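Each chain is listed here by its residues.
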Amino acid sequence: MTGAPHSGQAMGNADALTTACDLADATGGVVPAHVYRTWRVAHLPGILRPQSDAPEYGKAGFRAYDEELEALLADD
């Protein structure tokens, strides 16, 4: 399929995250909010710390990614 998806054909971002979590653990023990929190606590501080080797544009990208995920999961 090319171009913009038609209404009803595309899975929403939150639905896609939920489906991915269901594939990882069909028992329902893995949910998007938990995966996000784990990533945020385990990896983001190391990337954003001043001594990190990540370039400033990379840090800005991860901050934006963090904000988008937080907003997406808040809508759940």
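In what follows, the accompanying structure is described.

Conventions and cut-offs
Residues numbered from 1 in each chain as written. Predicted model: local features only at pLDDT ≥ 70, side-chain atom pairs only at ≥ 80, totals over all residues. Heavy atoms only, no water. Helix = DSSP H or I, 4+ residues; strand = E, 2+ residues; numbered from the N terminus. Buried < 20%, exposed > 50% of the residue type's maximum accessible area, 1.4 Å probe, protein only. Contact = heavy atoms within 4.5 Å. Areas by Shrake-Rupley, 256 points an atom, 1.4 Å probe, with all protein chains shown as cover. Expected span 1.5 Å × (residues − 1). Arc of directions from axis to C-beta. Salt bridge = Lys/Arg side-chain N within 4 Å of Asp/Glu carboxyl O. Axes fitted to C-alpha atoms, helices over the stretch in contact; angles between N-to-C directions. Parallel < 35°, antiparallel > 145°, perpendicular 65-115°, else oblique. Left-handed = near helix turned anticlockwise from the far one by under 90°. Nonpolar A, V, L, I, M, F, W, Y, C, P; charged D, E, K, R; others polar.

### Here's the deal with the overall build of the protein chain
- Each helix and strand in the protein chain was counted, giving four helices and zero strands.
- Taken from N to C terminus, the helices and strands of the protein chain fall in the order α-α-α-α.
- Put simply, the protein chain has 76 residues, and 18% of those count as buried.
- Taking contacts inside the protein chain between residues at least 6 apart in sequence as the whole, the part at least 24 apart equals 44%.
- Of the roughly 5700 Å² of accessible surface on the protein chain, a fraction of 57% belongs to carbon and sulfur atoms.

### Structural notes on helix α4 (residues 56-74)
- With 19 residues, α4 ought to run about 27 Å at 1.5 Å a step, and its terminal C-alpha atoms sit 27 Å apart, in line with that.
- Taken residue by residue, α4 has G58, K59, D66, L69 and L73 as its buried positions. The arc that holds every buried residue of α4, seen down its axis, measures 100 degrees, which confines them to one face. Among the exposed residues of α4, those oriented more than 90 degrees off its buried face are E56, Y57, E67, E68 and A74.

### Describing the pattern of salt bridges
- For the structure shown, the criterion picks out three salt bridges.
- Between K59 and E56 there is a salt bridge whose closest N-O contact spans 3.5 Å. Taken as a pair, K59 and E56 lie in helix α4 at a separation of three residues, close to a single helical turn.

### Here we look at helix α2 (residues 32-42)
- The set of residues buried in α2 consists of P32, Y36 and W39. Viewed end-on, α2 has its buried residues packed into an arc of 65 degrees, placing them on one side of the element. Exposed residues lying more than 90 degrees from the buried face of α2 are T38, V41 and A42.
- In this structure, the buried residues of α2 make contact with α1 (13-24), α3 (44-48) and α4.

### Here's the deal with the packing of α2 against α4
- Packing of α2 against α4 brings their axes to within 10 Å, and their N-to-C directions diverge by 155 degrees. Accordingly, the angle class assigned to the pair α2 and α4 is roughly antiparallel. Seen along the crossing, α2 lies across α4 with a hand that is left-handed. Between α2 and α4, the residues in contact are P32, A33, Y36, W39 and R40 and F62, Y65, D66, L69, E70 and L73, respectively.
- Looking at side-chain class alone, the contact of α2 with α4 contains eight nonpolar, no polar and three charged residues.

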